[in-house]
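Structural overview for review
Here's the letter readout for the chains.
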Amino acid sequence: MNSRKIYIRSDYILLILYFGIYFVIGLSLLFRQPFGNPPDEYNRYLIPQYIAQSGSLPNGYDESVRIGGYGFSYAFQPILPYIIQGFVMRVFSILGASETALLYSARMVDFVFGLIMGVFVLLLGRKWFSDRRFAWLFSFLAMFLPQSIFVHTYVNTDSCCMMSIAIMLYSLTRALEDRFSISSCLLLSVGIIFCALSYYNAYGYILSCILLFSAYFLSSGGRRLTFAWKPFLKRGCLISLLVLSGIGWWFVRSFILYNGDFLGLKSRDLCASLYALPEFHPDTRVTWQSQGYSIFQMLLDSDFLNLSVLSFIGIYGPMTIVTSIWIYRFYKLLFALSLILCMALPGKNTGELYPRRPIFRKFYHANMIFCMIMPFILSLYYSYATDYQPQGRYILPMLLPFAYYCVRGLCKGCALLERRLLFKNDSDTTNTPAKKRLISRPSTGVCILLASLIVISLFVTVYGYAFPYYELHPVAP
């Protein structure tokens, strides 16, 4: 059996394993989690429930969707995932579904978002890594990080946001290869629409798409910079028209309903000031900022960084269900070691992106780093100015580029090891398939070992920690 057939057979096995794990773990969590146990699900569920019952979209000020105590509602912000969930629930309610079945149908929408994300993560991994072993490792890390799969199992907008990021990154990567073909532009527009109508924390990706799209048409010839205006305007107008058609209605609606506040953020704060209880009122609520502390003092005196990292890896429920300390140690070591390798080792001959355009490549990486930093900055600000508990889901939008750099570091490290093995055997001038397999064993071993540990960590988290917690707490507090 030749190596090509082995690779094809391995791909089929891994494909079945990949989606099989997602279905088993995702559906197990979806059906086993008590209602309201996932973070803030009860308050989020008010919106699709309202849509299912009334057949219309709620005003943010509507009492039936306001959060008790805090006085505001999630209806001020983009709610496309809730609209889809509300429509699905309305269909099931017509068919006579029970309240429990309606909840599961709403959760199932996020499960489907995760499934679509899984497809695009696979496609993206194959674009970013020419070596299939590391492409698979990237996909397993991005999808089976305990916190990553968790957001696809309950009512929220994070799941749709993560799906949209995968679509945007894949379509952008593909568009940079095929010169922004019509199909790539259409797919990129779909990703931007879902992102814009799901989660403000991920808007950095939309900005990066705009910047990278513009930079693509900029080229240098000698000492002169030239800009291809015609294809830029042609493709730019197409994407802009599609995106504005898809998202414009929401922001126009908000502009009309909230007296010019098209983002809804000022109106949300106003609603909270009108209806919040004294202890949760924006003007009297105790925060680090209101007490006169600086952000640096908050970082020094609070558990912000540690809690953010742990919950990025995986803390389930209302930040109460932790997993094994060894799983946290494993991921911390994996992240630290792989990022050090990524920064310290050269990237030659390891499938670096856009090797023929070094300036554009640096700009591309700068954008990806920006997309990782922005959610963290927003989470930091929320904890400082609004006293939001630091949670991994706030910084989860950074996951895909972060996973890329982690796997990229491992790829560099394995490539260096294999080059040294080749150097030690350079006296043997034959280049037999057996010799190639021997030299490539470090990469294969690393990918198999890490992918296995990632899957084991996920199963331990769900079946060893989450489910026993649900047995002891069948009803969320």
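Before any of the text, the structure's been laid out above.
Residues numbered from 1 in each chain as written. Predicted model: local features only at pLDDT ≥ 70, side-chain atom pairs only at ≥ 80, totals over all residues. Heavy atoms only, no water.

Some details on the overall build of the protein
Along its length, the protein carries 19 helices and two strands. Whereas a compact globule of 477 residues would reach a radius of gyration of roughly 23 Å, the protein reaches 24 Å, a difference of no more than 12%. On the principal axes, the C-alpha backbone points of the protein span a range of 80 × 60 × 55 Å. Looking at the protein residue by residue over its 477 residues, the buried ones come to 52%. For the protein, the exposed surface amounts to about 22700 Å²; the carbon and sulfur share of it is 67%. Charge-centre separation for the protein: the mean point of 40 positive side chains lies 17 Å from the mean point of 23 negative side chains. (Helix = DSSP H or I, 4+ residues; strand = E, 2+ residues; numbered from the N terminus. Rg over C-alpha atoms; globule rule 2.2 N^0.38 Å. Buried < 20%, exposed > 50% of the residue type's maximum accessible area, 1.4 Å probe, protein only. Areas by Shrake-Rupley, 256 points an atom, 1.4 Å probe, with all protein chains shown as cover. Lys, Arg positive; Asp, Glu negative; His and termini not counted. Charge placed at Lys NZ, Arg CZ, Asp CG, Glu CD.)

Overview of the nonpolar core
Within soluble globular proteins, side chains that are nonpolar tend to cluster in buried spots. Counting 138 residues, the largest nonpolar core has F138, F144, F180, Y331, F335 and L400 as the members making the most contacts within it. No other element matches the 13 residues that helix 7 (residues 158–177) contributes to this core. Excluding residues that lie within four positions of it along the chain, F144 makes contacts with Y18, I21, Y22, I149, Y331, I454, V455 and L458. By size, the runner-up hydrophobic cluster in this structure holds six residues, among which are W288, F304, Y384 and A385. (Core = buried A, V, L, I, M, F, W, Y, C linked by side-chain atoms within 4.5 Å. Contact = heavy atoms within 4.5 Å.)

Details of a nonpolar patch on the surface
Together, L449, L453, I456, V460 and Y465 give the surface a local cluster of nonpolar side chains, amounting to about 400 Å² of exposed area. Looking at where V460 falls in the secondary structure, it is placed in helix 19 (residues 441–472). (Patch = residues over 30% accessible without salt bridge, like charges linked within 9 Å, V, L, I, M, F, W, Y side chains within 5 Å. Salt bridge = Lys/Arg side-chain N within 4 Å of Asp/Glu carboxyl O.)

Quick notes on the packing of aromatic side chains
Pairs of aromatic rings are described using the distance from one ring centre to the other and the angle between the two planes. Considering all chains together, one arrives at 54 aromatic pairs under this definition. On the basis of an interplanar angle of 75 degrees and a centroid distance of 6.0 Å, the ring pair of Y18 and W136 is categorised as edge-to-face. Of this pair, Y18 sits in helix 1 (residues 3–32) while W136 sits in helix 5 (residues 132–144); the two residues are 118 residues apart in sequence, bridging distant segments of the chain. An identical accessibility class is assigned to Y18 and W136; each is buried. We note R32 situated over the ring of F467; from NZ or CZ to the ring centre the distance is 4.2 Å. Lying over the aromatic face of W326, R329 brings its terminal NZ or CZ to 4.6 Å of the ring centre. (Phe/Tyr/Trp six-rings, centres within 6.5 Å; stacked < 30°, edge-to-face > 60°. Lys NZ or Arg CZ within 6 Å of the ring centre and 35° of its normal.)

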